[in-house]
Amino acid sequence: MFDKEDVLQETIIIKVKKTNQTPEKVTITSSRSNNDFDNLTSLTVPYSLVVSGDDYYVHLVTDEKEVSVLERLHRFDKTLPDIGLKMKTGLTVDFRNREILRDDAEEGAIPLFYSQHIKQGEVQFPIQKEHEYVVTDQKGLMQDNRNYLFVKRFTAKEERRRLQCGVYLSKKYPQYKKISTQNKINFVDGLITEMSECLVYGLYVIFNSTLYDEYYRILNGSTQVNSTEINAMPVPDLESIQEMGRTLMKSKDMSESNCNMILEGYCG
């Protein structure tokens, strides 16, 4: 509909028929073409694979590879909140708080982390970016300086990965009691206590893996990483994630391929 227009726009037409019985199978018909439907493919899969969880997320799988991704991850029966963790959205909307932004460190200033600070699996600061600091006494714009996994909220449509994350360790910035995060990044935090280093690295293994990136693309076709959807994704138990983190810390290899190899031992 919008192919000839220079706008980012998508249209979805949905027809729903309510029934009294839950079907055993679902047939998904899809087309890779943007303009017509002359190359249709059809896939029949179990209903429980497509519609899963109490929140009834719909996973529109289109081939056997995507079916395999769902089957492998659905072996896990935990979510982040189940194991005492939660992904949240960054606190500071910078363009609405221009008066508190600073380009350089000054007395009372704290770091403001952006997606640009995520580099090669780690959080680097400072990077000589404008508005890297804020001076504020608003509690809603500050968070404790503790261990986090930062995850970019937005990626370009042509980028290879949707899930792009970096390990943040509080010990690297001992001079700050508080920090802030721009709202274009998400962060995983402990609901009750601070996450250990091995837990943060274990979470990195999960979200930097090919398997989880593929799962998220099935769950959400947009370029925005939604914290609500991440919190509903299946994950291994807490001890397994910590073990993954210990393995990654020993290898010191933050690559996607190494994360894949570590995760493989837990999901087959």
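Quick caveat, the model's predicted, so the values are computed rather than measured.

### Notes on the overall build of the protein chain
When helices and strands are counted, the protein chain shows seven helices and 15 strands. Per-residue burial for the protein chain yields a buried fraction of 46% across its 268 residues. Taking the contacts inside the protein chain whose residues are at least 6 apart along the sequence as the reference set, 70% of them involve residues at least 24 apart. Accessible area of the protein chain: about 15,500 Å², with a carbon and sulfur share of 48%. Across the protein chain, the centroid of the 34 positively charged side chains sits 2 Å from that of the 40 negatively charged ones.

### Details of unusual backbone geometry
At the junction of Phe125 and Pro126, the peptide bond is cis and its omega measures out at -10° in the coordinates. Tracing the backbone shows Pro126 in the loop between strand S9 (122-123) and strand S10 (133-134). In this model, Gln128 sits at a positive phi of 60°, which is unusual for a non-glycine residue. Structurally, the position occupied by Gln128 is in the loop between S9 and S10. Given the relative accessible area of 70%, Gln128 is considered exposed.

### Remarks on the pattern of salt bridges
Side chains bearing opposite charge may pair, as long as their charged atoms lie close to each other. Applying the stated rule across the entire model yields eleven salt bridges. Bridged by salt links that share partners, the residues Lys88, Arg146 and Asp189 form one connected network.

### A look at the packing of helix H6 (residues 238-251) against helix H7 (residues 256-267)
One way to put it is that H6 packs onto H7 with a least axis distance of 10 Å and a crossing angle of 145°. The interaxial crossing formed by H6 with H7 has right-handed handedness. Of the residues in H7, those in contact with Ser240, Glu243, Met244, Thr247, Leu248 and Ser251 of H6 are Asn258, Ile262, Leu263 and Tyr266. Looking at the contact of H6 with H7 residue by residue, the classes come out as five nonpolar, four polar and one charged.

### Quick word on helix H4 (residues 210-219)
Counting buried positions along H4 gives seven out of ten residues, so the element sits mostly inside the fold. All buried positions along H4 are accounted for by Leu211, Tyr212, Asp213, Tyr215, Tyr216, Ile218 and Leu219. Its buried side turned inward, H4 meets strand S4 (57-58), helix H2 (64-73), helix H3 (197-207), helix H5 (227-232) and H7.

### So, the side chain of Asn145
Along the chain, Asn145 falls in the loop between strand S11 (143-144) and strand S12 (148-152). For Asn145, a relative accessible area of 13% corresponds to the buried category. Within the local environment of Asn145, its side chain forms a polar contact with the backbone oxygen of Tyr173, the two atoms lying 2.8 Å apart. The residues contacting Asn145, other than those within four sequence positions of it, are Tyr168, Ser170, Tyr173, Tyr176, Lys177, Lys178 and Ile179.

### Remarks on a negative patch on the surface
On the surface, Asp77, Asp82, Asp237 and Glu243 cluster together into a negatively charged patch. For Asp237, a relative accessible area of 35% translates into the label partly exposed.

The rules behind each value
- Along each chain, the written sequence defines residue order, and numbers are assigned to residues from 1.
- Local features in a predicted model are, by the rule used here, given only for residues with pLDDT of at least 70; side-chain atom pairs are given and counted only at 80 or more, and totals for whole chains, interfaces and linings are based on all residues.
- Computation of side-chain values: all heavy atoms of the structure, hydrogens and water removed.
- Helix numbering and strand numbering both begin at the N terminus, where a helix is a DSSP run of H or I of at least 4 residues and a strand a DSSP run of E of at least 2.
- Each residue is placed in one exposure class: buried if its accessible area under a 1.4 Å probe, protein chains only, is under 20% of its type's maximum, exposed if it is over 50%, and partly exposed if it falls in between.
- The contact criterion used throughout is that any non-hydrogen atoms of two residues lie within 4.5 Å.
- Only the protein chains shown count as cover for residues, with accessible areas throughout obtained via the Shrake-Rupley method and a probe of 1.4 Å.
- The positive count covers Lys and Arg only, the negative count covers Asp and Glu only, and His and the chain ends enter neither.
- Where a charge lies is defined by one atom per residue type, namely NZ (Lys), CZ (Arg), CG (Asp) and CD (Glu).
- Only one rule defines a salt bridge in this text: a Lys or Arg side-chain nitrogen within 4 Å of an Asp or Glu carboxyl oxygen.
- Axis geometry follows a simple rule: fit a line to the C-alpha atoms, using only the stretch in contact for helices, then measure angles between N-to-C directions, giving values from 0 to 180 degrees.
- The crossing is said to be left-handed when, going from far helix to near helix, the turn is anticlockwise and less than a right angle, and right-handed when the turn is clockwise.
- All residues other than Ala, Val, Leu, Ile, Met, Phe, Trp, Tyr, Cys, Pro, Asp, Glu, Lys and Arg, Gly among them, are scored as polar; the first ten of these are nonpolar and the last four charged.
- In protein, a polar contact requires one atom able to donate a hydrogen and another able to accept it; more generally it is a pair of N or O atoms within 3.5 Å, and residues adjacent in sequence count only if both atoms are side-chain atoms.
- What makes a patch is a set of residues exposed beyond 30% relative accessible area and free of salt bridges, joined within 9 Å when like-charged and within 5 Å when nonpolar (Val, Leu, Ile, Met, Phe, Trp, Tyr).

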